[in-house]
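# Results of the structural survey
Now for the letters of each chain:
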Amino acid sequence: MNSKTAVVVGTSGGIGRAMADALEQEDEFDRIVRFSRGTDSPVKLDLTSEDSIQSAADWLQEQDIKPHLIFVATGLLHNKENGPEKSMRELNTEWALENYQINAMGPALIAKHFLPLMPKDKITKFAAISARVGSISDNRLGGWYGYRAAKAALNMIIRNLSIEWARKNKRSIIVALHPGTVDTGLSKPYQSNVPPGKLFDPERAAVQLLDVLDGLKPVDSGKIFAWDGEEIKP
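Residues numbered from 1 in each chain as written. Predicted model: local features only at pLDDT ≥ 70, side-chain atom pairs only at ≥ 80, totals over all residues. Heavy atoms only, no water.

## Here we look at the sheet that holds strand E2 (residues 31-35)
Two pairing modes exist for strands in a sheet, parallel and antiparallel, and in both the strands are linked by backbone hydrogen bonds. To keep it simple, the criterion reads: Strand pairing requires that DSSP identify at least two bridges connecting the strands. Here a strand is any run of E in DSSP of at least two residues, a helix any run of H or I of at least four, and the numbering for each starts at the N terminus. Working rule for contacts: check all heavy atoms of both residues, and any pair within 4.5 Å makes them a contact. Axis lines are fitted through C-alpha atoms, for helices just across the contact stretch, and the angle between N-to-C directions can take any value from 0 to 180 degrees.
Reading across from one edge, E2-E1-E3-E4-E5-E8-E9 is the order of the seven strands in this open sheet, with mixed pairing throughout. At either margin of the open sheet sits one strand with a lone partner, and together these are E2 and strand E9 (231-232). Examined bridge by bridge, strand E1 (residues 5-9) and strand E3 (residues 69-72) share four bridges and lie parallel to one another. In the strand pairing of E3, Ala6 is matched with Leu69. On top of the sheet, helix H1 (residues 14-25) reaches E1, E2, E3 and strand E4 (124-129); it is set at about 170 degrees to E2, its chief contact. Relative to the sheet, helix H2 (residues 50-62) contacts E1 and E2, its axis offset from that of E2 by approximately 160 degrees.

## A word on a negative patch on the surface
The following threshold applies: Patch membership requires more than 30% relative accessible area and the absence of a salt bridge. Residues of like charge join within 9 Å; the nonpolar side chains Val, Leu, Ile, Met, Phe, Trp and Tyr join within 5 Å. Only the protein chains shown count as cover for residues, and all accessible areas are computed by the Shrake-Rupley method using a 1.4 Å probe. For this document, the term salt bridge refers to a Lys or Arg side-chain nitrogen within 4 Å of an Asp or Glu carboxyl oxygen. None of His or the chain ends enter the tally, which takes Lys and Arg as positive and Asp and Glu as negative. Each charge is placed at NZ for Lys, CZ for Arg, CG for Asp and CD for Glu.
A cluster of acidic side chains, namely Glu26, Asp27, Asp211 and Asp214, defines a negative patch on the protein surface. Note that Asp27 resides in the loop between H1 and E2.

## Details of the packing of aromatic side chains
To keep it simple, the criterion reads: Two aromatic rings from Phe, Tyr or Trp, using only the six-membered ring of Trp, form a pair when their centres are within 6.5 Å; if the ring planes differ by under 30 degrees the pair is stacked, by over 60 it is edge-to-face, and anything between is tilted. Only protein chains enter the calculation, and the probe is 1.4 Å; a residue is then buried if its accessible area is under 20% of its type maximum, exposed if over 50%, and partly exposed in between.
Going through the model one piece at a time under the given rule, you end up with four aromatic pairs. With a centroid separation of 4.8 Å and an interplanar angle of 65 degrees, the aromatic rings of Phe200 and Trp227 are classed as edge-to-face. You can see Phe200 sitting in strand E7 (residues 199-200) and its partner Trp227 sitting in the loop between strand E8 (224-226) and E9, a full 27 residues away along the chain. On the basis of relative accessible area, Phe200 is assigned to the buried category, the value being 2%.

## As for the nonpolar core
Our working definition: The definition of a nonpolar core used throughout is a set of buried Ala, Val, Leu, Ile, Met, Phe, Trp, Tyr and Cys residues joined through side-chain atoms within 4.5 Å.
In this structure, Phe35, Leu45, Leu60, Ile110, Phe114 and Phe126 are the most contacted members of the largest nonpolar core, which totals 40 residues. With eight residues, the single largest contributor to this core is helix H3 (residues 93-114). Residues in contact with Ile110, not counting those within four places in the same chain, are Val9, Leu45, Leu47, Ile53, Ile70, Val72, Leu115 and Phe126. By size, the runner-up hydrophobic cluster in this structure holds 28 residues, among which are Ile15, Phe71, Val175 and Phe200.

## Focus: helix H5 (residues 202-214)
Spacing of three or four residues puts side chains on the same side of an α-helix, whose turn is 3.6 residues. Using the following cut-off: Here the expected length of a helix is defined as 1.5 Å per residue gap, with one fewer gap than residues.
For H5, built from 13 residues, the straight-helix expectation of 18 Å at 1.5 Å per residue is met to within 8% by its first-to-last C-alpha distance of 18 Å. All of the buried residues along H5 are Pro202, Ala205, Ala206, Gln208, Leu209, Leu210, Val212 and Leu213.

## Observations concerning the pairing of E1
Here is the rule: Crossover handedness is defined here as right-handed if the route from the first strand over the helix to the second strand goes clockwise, with the strands pointing away from the viewer.
For E1, the buried fraction is high: five of the five residues fall into the buried class. Because side chains alternate across E1, one face comprises the buried residues Thr5, Val7 and Val9, and the other comprises Ala6 and Val8, equally buried. As judged from the five bridges shared by E1 and E2, these two strands associate in the parallel manner. Residue pairing across strands places Val9 opposite Phe35, the latter belonging to E2. As a crossover connection, the stretch from E1 through H1 into E2 is right-handed.

If you want it as structure tokens, here you go:
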């Protein structure tokens, strides 16, 4: 298949679903492939299982799909038992490792198996959702140990990927994106302090991130950008 395809990973979540929908409404891509743990996925993709990620990549290859855009919209901030740590007294090894597995290694493994499928002679874009709180230089409040550390790790992984992949495709763009605070289940317990006008619905967040992606050039690869196009320093 030679058509231009975008792949969105994490379409069972608010941002991922909105991103896939927004891409379908644009004319740039002929096909949008949605991967998730849900029923809308042609192959079930679970970030905790590298075998499932490999199976999804195999499916793309079998369909002769060479994606021009890969957008990883996954993330973990809390579950039924755990949330962001307010102090070091709440540090828990298992919870920190779960943060790292989903927020850092998940996108890294997507890149491991999906990047080789992308064209090497065209402009391609790989983006993963990160967070401003993953910036070490921007950290003035502390807390949120596991989430901050995992997103900081993701930012480093994005930088590494950009350096390695540029040797194969100098026109590739690999970035981390901060969507702001989006009205999804991930942010729901932490929305009370969001300034007026800065809580975005998923549809608006997706369009804003697409606008950022549209303006990026290969020189931007390896960087972190906020929803408004501002570069976030690591």
